[in-house]
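Here's the letter readout for the chains.
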Amino acid sequence: MMGRTIFIDPGRCIGCQACVSACRECDSHRGKSMIHLDYTDEGHSVASLPTVCMHCEDPVAPCAEVCPADAILVTADGVVQQADTTRCIGCGNCVNACPFGVPKIDLQAKLQMKCNLCYDRTAYGLAPMCATVCPTGALFYGTAEELQAERPGVQIADTFTFGETEVRTGVAMVVPADKVQWPVPGGLPVVEINGKDVRR
């Protein structure tokens, strides 16, 4: 993907929950938020991190690969859709397959719920709801060039290593050039980012 996409800048997140509230207003899933705000060290720090679907490109969407009902489709432009409600059986395979901990199962509805990059908006050139309301720019929608023009000195990470598995994503993390380490959403330690060893 990596044309116009979401860039997550964890250092700018203030945990205000504006993204969560805006996501609930989307017409395709009104009342349910598809973005999660994670607190990285709850009780000890106010640090927070918005977690959206990373739209895995290589391997292509592990969540879709393990879906026995073919409920999760990937568009031609690389957006991994939320599960089709007419096909999803609520089995939870997608939850277990996602290295970033993104999909959730709505136990009452027995359906998978996850960010689909506000495809009803982005397909027409509009920014996702979460990025339009973020007051600090922790969620930036645009191209890598636009981001780097606005924020000189940042690096963009779209390749993550989990043990022996490397995952390249369509959504990227913003990393200060002098600090190339952070916890990956989902709680797994980052070992390598864009081919650079960042073990502590």
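Report on the accompanying structure. Treat the numbers as computed from the prediction; the structure is a model and nothing was measured.

### Description of the pairing of strand S7 (residues 139–142)
Part 1 of the argument: Both faces of S7 are covered, namely the face carrying Leu139 and Tyr141 and the face carrying Phe140 and Gly142.
Part 2 of the argument: The pairing of strand S1 (residues 5–8) with S7 spans 4 bridges and is antiparallel. For isoleucine 6, the partnering residue across the bridge sits in S7 and is tyrosine 141.

### Observations concerning the state of the cysteines
Part 1 of the argument: Scanning the entire structure with this criterion turns up 0 disulfides.
Part 2 of the argument: The thiol of cysteine 23 is unpaired, and the distance to the nearest cysteine sulfur, on cysteine 26, comes to 5.2 Å.
Part 3 of the argument: Taking the relative accessible area as the measure of exposure, cysteine 23 reaches 8% and is therefore buried.
Part 4 of the argument: Looking at cysteine 67, it has no disulfide partner, and the nearest cysteine sulfur is the one in cysteine 91, 6.0 Å off.

### Examining the packing of aromatic side chains
Part 1 of the argument: Counting across every chain of the model gives 3 aromatic pairs.
Part 2 of the argument: When the centroid spacing of 5.5 Å and the interplanar angle of 85 degrees are considered together, the rings of phenylalanine 100 and phenylalanine 160 count as edge-to-face. Of the two residues, phenylalanine 100 sits in the loop between helix H3 (93–97) and strand S5 (104–106) while phenylalanine 160 sits in strand S8 (residues 154–162), which places them 60 residues apart along the sequence. Judged on exposure class, the residue phenylalanine 100 and its partner phenylalanine 160 are both buried.
Part 3 of the argument: A ring pair is formed by phenylalanine 100 and phenylalanine 162, whose centres lie 5.3 Å apart and whose planes are at 85 degrees; its orientation type is edge-to-face. With phenylalanine 100 in the loop between H3 and S5 and phenylalanine 162 in strand S8, this pair connects stretches of sequence that are 62 residues apart. Like phenylalanine 162, phenylalanine 100 is buried.
Part 4 of the argument: Among the aromatic residues, ring-to-ring pairing joins Phe100, Phe160 and Phe162 into one connected group.

### A word on the environment of tyrosine 141
Part 1 of the argument: For tyrosine 141, the location among the structural elements is in strand S7.
Part 2 of the argument: Residues tyrosine 141 and threonine 5 lie 136 residues apart in sequence; the distance between their C-alpha atoms is 5.4 Å.
Part 3 of the argument: Apart from the residues lying within four places of it in its own chain, the contact partners of tyrosine 141 are Arg4, Thr5, Ile6, Thr122, Leu126, Ala127, Pro128 and Ala131.

Analysis parameters
Residues numbered from 1 in each chain as written. Predicted model: local features only at pLDDT ≥ 70, side-chain atom pairs only at ≥ 80, totals over all residues. Heavy atoms only, no water. Buried < 20%, exposed > 50% of the residue type's maximum accessible area, 1.4 Å probe, protein only. Helix = DSSP H or I, 4+ residues; strand = E, 2+ residues; numbered from the N terminus. Pairing = 2+ DSSP bridges. Disulfide = S-S within 2.5 Å. Phe/Tyr/Trp six-rings, centres within 6.5 Å; stacked < 30°, edge-to-face > 60°. Contact = heavy atoms within 4.5 Å.

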